[in-house]
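What follows is the residue order along each chain.
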Amino acid sequence: MKKVLATGVALLMAGSIATAAEMDDNSGVKITGNARARVIYKDKEDFGNSDDDANITMDSRVRFEVRGTSAGGSYVHGRIRLAEEKFNDATDISADDNIYVDKAYIGIPFNDAFTLEAGKYRSTYGNGFVYDDMGLAGFKGIYAANGIEVFPFFEVQSEGQVSDIAQDVSEDNDAYRMGAAITVSSVENWTFGAIAAFDTDDRVNSYVNADGATVETGDGNSDGFWGSVFFNGTMAGFGIEGEFAFAENGVVLDEVQGSGDDDAWGGYIRGSYTMDALTLALDLGFTKDGFVADDDQGFVMIGAGEPITKILFGEGGFDNYWAGLRAGYAVTEALTLTGNLVYLDADGNDGTASDESRLYDLFEVSGVLEYTVSKGCTFSWYAGYLAPSFDGRLNAAGVEEDGYFGTYAMLEVKF
């Protein structure tokens, strides 16, 4: 009888423990994602200086985000991208470049304030002028408490043991990035922060192949510091934001920073005013000595990551200075219109071969229409006209200055 009672008590306790565990169980799997289809039209993209007749292309993409959470709150996160390419008969979805994973990492919360992520992830720091949706592989800490967030990171840019160069394998020549970002938002309606990091690259610049020929790899010698300071805030209907960045010559962010032997600089400031449904904003910015800004910081034809964008800020090693006026108007809750008027000046510097490059000014007039078709489904239409003005010596050499027109329509679904 005692054994029966003891067994009964044990089962009851086990049942109560299991029930408590189930109550605290946060485990589960959640699948979200997005998909898009686009029609893209371009006319005279090279300003009439090549056989760039008007062309129309169509493409699509599907992405799935999978997040699994354990009972204790640790998680895994993956993103699978499917068939991102132009319409061309039957898409070969078995191709290596047609199905791939661009996120695959784990997250472990050690307490309420600190979480460690490890694997292949994507990061955005600051206002995104330098670091926006970067694909990375490594370790990242996330500390958040009392209006302060700190993100220490250690990332592998290139692992020597998987290199195609025997010398890099034998010497274990790696490329690493280590640093931290901090964001302070304890001041009402204001956010301030900074990013500081160091890149080290031990890869060889060249090697001798089996035929005895010297092959230049373009890698190596890119050790250096980079970082930025950023801010944004609002007061009544006014808003202001900005970010100013520095990178030692040769550091590789999205692009190689620096021109010639110079360190690279860049920054922008944006003031805005909102009155009812109307928002006006003025952007002023620069990139100097080869600094290349992230491709999500521009407009439509200049500086952006759109399929009709012509040039990024700082691309080609030029010093860039720009001013852009934005006007946005919410016609209804479902319909928003945005217009841009932009001027960009591109000057050569000691790091560019000015006699071979096109020193120029660019003028952009563009607009964006965004319409919410239904919850989770959006129709967008982008259109822009880009007028160049090249250096007088290039005009004398017969360089054309035709305007470039681009437009595209996109249907996007998020779930």
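Going by the structure above, here's the rest.
Values in this document were obtained by computation on a predicted structure and should not be read as measured data. (Residues numbered from 1 in each chain as written. Predicted model: local features only at pLDDT ≥ 70, side-chain atom pairs only at ≥ 80, totals over all residues. Heavy atoms only, no water.)

Chemist: Sorry, what's going on with the overall build of the chain here?
Modeler: Counting its regular elements, the chain contains three helices and 20 strands. Classification of the 415 residues of the chain by burial places 36% in the buried group. Summarising the internal contacts of the chain: among those between residues at least 6 apart in sequence, 54% fall at separations of at least 24. Per element, the accessible surface of the chain, about 22,100 Å² overall, is 57% carbon and sulfur. (Helix = DSSP H or I, 4+ residues; strand = E, 2+ residues; numbered from the N terminus. Buried < 20%, exposed > 50% of the residue type's maximum accessible area, 1.4 Å probe, protein only. Contact = heavy atoms within 4.5 Å. Areas by Shrake-Rupley, 256 points an atom, 1.4 Å probe, with all protein chains shown as cover.)

Chemist: Can you help me understand empty space enclosed by the protein in this one?
Modeler: Any empty space left between the atoms is revealed when a probe the size of a water molecule rolls over them. In this structure the tally under the stated criterion is one cavity of 30 Å³ or more. Estimated volume of the largest cavity: approximately 40 Å³. Around the largest cavity, the lining residues are Val 130, Met 134, Leu 253, Asp 254, Glu 255, Gln 257, Phe 291, Val 292, Ala 293 and Asp 294. A breakdown of the residues in the lining of the largest cavity according to their chemical character gives six nonpolar, one polar and three charged. (1 Å grid on protein atoms, 1.4 Å probe; cavity = no way out; pocket = protein on both sides within 12 Å on 5 of 7 lines; lining within 4 Å. Points joined across faces, edges and corners; volume = space filled by probe spheres on them. Nonpolar A, V, L, I, M, F, W, Y, C, P; charged D, E, K, R; others polar.)

Chemist: Please explain unusual backbone geometry as it appears in this structure.
Modeler: Negative phi values dominate among residues other than glycine, just as trans dominates among peptide bonds. Within the chain, Ala 83 stands out as a residue other than glycine whose phi angle is a positive 50°. Examined against the element boundaries, Ala 83 turns out to sit in strand β3 (residues 75–86). With a phi angle near 55°, Ala 236 is a residue other than glycine that sits in the positive phi range. Structurally, Ala 236 is set in the loop between β12 (224–235) and β13 (238–247).

Chemist: Help me out: how do you make sense of the pattern of salt bridges in this one?
Modeler: Close approach of charged atoms allows side chains of opposite charge to pair. Throughout the structure, instances matching the rule amount to 19 salt bridges. Between Lys 103 and Glu 65 there is a salt bridge, with the nearest N and O atoms lying 3.5 Å from each other. Taken as a pair, Lys 103 in strand β4 (residues 99–109) and Glu 65 in strand β2 (residues 55–69) lie far apart in primary sequence, 38 residues in all. Glu 84 is the salt-bridge partner of Arg 81, the closest N and O atoms lying 3.3 Å from each other. What makes Glu 84 partly exposed here is its relative accessible area of 31%. (Salt bridge = Lys/Arg side-chain N within 4 Å of Asp/Glu carboxyl O.)

Chemist: Just to check I follow, could you spell out a nonpolar patch on the surface for this structure?
Modeler: Taken together, the side chains of Val 229, Ile 240, Phe 244, Ile 269, Leu 282, Leu 284, Leu 325, Leu 341, Val 365, Tyr 385 and Phe 405 define a hydrophobic patch exposed on the protein surface, amounting to about 920 Å² of accessible area. Secondary-structure assignment places Phe 405 in strand β20 (residues 404–414). (Patch = residues over 30% accessible without salt bridge, like charges linked within 9 Å, V, L, I, M, F, W, Y side chains within 5 Å.)

Chemist: I keep staring at the layout of surface pockets and nothing clicks. Help me out?
Modeler: Taken as a whole, the second largest pocket encloses approximately 280 Å³ of empty space. Looking at the second largest pocket, it is lined by 16 residues, and the ones nearest its centre are Glu 241, Arg 270, Ser 272, Ala 281 and Arg 326. Counting only elements with at least two residues in the lining of the second largest pocket, the list comes to β12, β13, β14 (264–275) and β15 (278–288). Among the residues making up the lining of the second largest pocket, the classes are represented as four nonpolar, eight polar and four charged.

Chemist: Help me understand the environment of Leu 341, please; the structure alone is not making it clear to me.
Modeler: Structurally, Leu 341 is set in strand β17 (residues 335–347). Residue classification places Leu 341 among the exposed positions, given a relative accessible area of 52%. Placed 15 residues apart in sequence, Leu 341 and Arg 326 show a C-alpha to C-alpha distance of 6.7 Å. Filtering out sequence-adjacent residues up to four positions away, Leu 341 remains in contact with Ala 323, Gly 324, Leu 325, Glu 364 and Val 365.

Chemist: For this particular structure, what's the right way to read the environment of Tyr 329?
Modeler: Note that Tyr 329 resides in strand β16 (residues 319–330). The exposure class of Tyr 329 is partly exposed, given its relative accessible area of 41%. Spatially, the C-alpha atoms of Tyr 329 and Gly 339 are 8.9 Å apart, while their sequence positions differ by ten residues. If we ignore the near neighbours within four places in the chain, the residues touching Tyr 329 are Ala 277, Leu 278, Leu 335, Thr 336 and Leu 337.

Chemist: I tried to follow a negative patch on the surface on my own but got confused; where do I start?
Modeler: On the surface, a cluster of negative charge is contributed by Asp 254, Glu 255, Asp 295, Asp 296 and Glu 315. By the element assignment, Asp 254 lies in the loop between β13 and β14. (Lys, Arg positive; Asp, Glu negative; His and termini not counted. Charge placed at Lys NZ, Arg CZ, Asp CG, Glu CD.)

Chemist: Help me understand the side chain of Ser 123 in this model?
Modeler: Within the secondary structure layout, Ser 123 lies in strand β5 (residues 114–125). By relative accessible area, Ser 123 is classed as buried at 2%. Those residues in contact with Ser 123 that sit more than four places away from it in its chain are Tyr 131, Asp 132, Asp 133, Met 134, Leu 136 and Lys 140.

Chemist: When you look at the pairing of β4 in this model, what are you seeing that I'm missing?
Modeler: Each regular strand displays side chains that alternate between the two surfaces of the sheet. The pairing of β3 with β4 spans eight bridges and is classified as antiparallel. The residue bridging Arg 81 from the neighbouring strand is Tyr 100, located in β4. The sheet contact formed by β4 and β5 spans six bridges and is antiparallel. By the bridge assignment, Ala 104 is partnered in β5 with Lys 120. Once β4 ends, the chain turns through four residues before running back antiparallel as β5. (Pairing = 2+ DSSP bridges.)

Chemist: What am I meant to see in the environment of Ala 137 here?
Modeler: Residue position: Ala 137 is located in strand β6 (residues 131–145). In the structure, Ala 137 is positioned 18 residues away from Gly 119 in sequence and 5.5 Å away in space, judged by C-alpha atoms. Excluding residues that lie within four positions of it along the chain, Ala 137 makes contacts with Gly 119, Lys 120, Glu 155 and Val 156.

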